[in-house]
Amino acid sequence: MTDTLLEAARAVQQRAYAPYSRFRVGCALEADDGRVFVGCNVENASYGLTICAERAAVCAAVAAGAQRFRRAVVVSDANPPAAPCGACRQVLSEFGRDLAVEGVSPSAVVRWTIAELLPAAFGKEQLA
Ligand code: THU
């Protein structure tokens, strides 16, 4: 069966702008209404300004009015598959602790929830 989310993440990985690290990442995020949003990493000559694929996908989704997500697929060429960086875990966690995250490499898949990737997260509850 075709995995639409995986195909979307693979396609957007090809659009990554990663001339410095050469590490291309694609992320596809499925909203609870079935819409799919994608992002790729966008590097910069001022290295610290690099935007990760996951956060790019979240921004695309929120800008389109989606804030509830079921599943995120993150594709890279790392083996074992790369998990989202700490900053991206925090940003994904903002929108639901039970989000399913899949790290995909050309030959393996690893599955987590965002709660597993970022235990004891800082969240909106702390601001109350
Ligand atoms: N990168 C992502 O896009 N997502 C992550 O979660 C980890 C790292 C990107 C940032 C940079 O362009 C490259 O991968 C190497 O760190």
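Before reading on, note that the structure itself is shown above.
Below you will find a few notes about this structure.

Conventions and cut-offs
Residues numbered from 1 in each chain as written. Predicted model: local features only at pLDDT ≥ 70, side-chain atom pairs only at ≥ 80, totals over all residues. Heavy atoms only, no water. Buried < 20%, exposed > 50% of the residue type's maximum accessible area, 1.4 Å probe, protein only. Helix = DSSP H or I, 4+ residues; strand = E, 2+ residues; numbered from the N terminus. Arc of directions from axis to C-beta. Contact = heavy atoms within 4.5 Å. Polar contact = N/O pair within 3.5 Å; in protein donor to acceptor, adjacent residues only side chain to side chain. Near = heavy atom within 4 Å. Areas by Shrake-Rupley, 256 points an atom, 1.4 Å probe, with all protein chains shown as cover. Nonpolar A, V, L, I, M, F, W, Y, C, P; charged D, E, K, R; others polar. Pairing = 2+ DSSP bridges. Core = buried A, V, L, I, M, F, W, Y, C linked by side-chain atoms within 4.5 Å.

## Points about helix 1 (residues 4-13)
Moving on, step 1. Among all positions of helix 1, only Leu5, Leu6, Ala8, Ala9, Val12 and Gln13 are buried. Across the axial projection of helix 1, the buried residues extend over an arc of 160°, all falling on one side.
Moving on, step 2. Where the residues of helix 1 are buried, they touch strand 1 (26-31), strand 2 (36-40), strand 3 (69-75) and strand 4 (100-104).
Moving on, step 3. Near the N-terminus of helix 1, the side chain that reaches the backbone nitrogen of Leu5, with its oxygen 3.1 Å away, is that of Asp3.

## Some details on the site of the ligand
Moving on, step 1. Every residue lining the ligand is accounted for by Ser21, Phe23, Val25, Asn41, Glu43, Thr50, Cys52, Ala53, Glu54, Pro84 and Cys85.
Moving on, step 2. Note that an oxygen atom of the ligand is positioned 2.9 Å from one of the backbone N or O atoms of Ala53.
Moving on, step 3. In this structure, Glu54 approaches the ligand through a side-chain N or O atom, which is 2.8 Å from an oxygen atom.
Moving on, step 4. Across the complex, the protein chains shield 78% of the 370 Å² of accessible surface that the ligand would expose by itself.
Moving on, step 5. When the residues that make up the shell around the ligand are grouped by side-chain class, the tally is six nonpolar, three polar and two charged.

## A closer look at the pairing of strand 2
Residues in a regular strand project their side chains so that they alternate between the two faces of the sheet.
Moving on, step 1. Of the strand pairs in this sheet, strand 1 and strand 2 are connected by five bridges, and their pairing is antiparallel. Paired with Glu30 across the bridge in strand 2 is Val36.
Moving on, step 2. In this structure, the hairpin formed by strand 1 and strand 2 is closed by a connection of four residues, where Gly34 is found at a positive phi of approximately 95°.

## Notes on the nonpolar core
Moving on, step 1. Judged by nonpolar contacts, the single largest core of 19 residues is most densely connected at Leu29, Phe69, Leu99 and Val101.
Moving on, step 2. Secondary-structure elements contributing two or more residues to this core are strand 1, helix 2 (53-63), strand 3 and helix 4 (114-117).
Moving on, step 3. In terms of residues, this core owes the most to one element, helix 2, which gives four residues.
Moving on, step 4. The residues contacting Leu29, other than those within four sequence positions of it, are Leu5, Arg35, Val36, Phe37, Ala57, Val58, Ala61, Phe69, Arg71, Ala72 and Leu92.
Moving on, step 5. Ranked by size, the runner-up nonpolar core spans eight residues in total, among them Leu6, Ala28, Val73 and Val75.

## What to know about unusual backbone geometry
Moving on, step 1. A cis amide bond links Asn79 with the next residue in sequence, Pro80, at an omega value of 0°.
Moving on, step 2. Even without a glycine there, the phi angle at Arg22 is positive, about 60°.
Moving on, step 3. Inspection of the secondary structure puts Arg22 in the loop between helix 1 and strand 1.
Moving on, step 4. Relative accessible area serves as the criterion here: at 68%, Arg22 is assigned to the exposed category.

## Overview of helix 3 (residues 86-93)
Moving on, step 1. For helix 3, the complete set of buried residues consists of Cys88, Leu92 and Ser93. Mapping the buried residues of helix 3 onto a view down its axis gives an arc of 135°, with all of them on the same face.
Moving on, step 2. Residues of helix 3 that are buried make contact with strand 1, helix 2 and helix 4.

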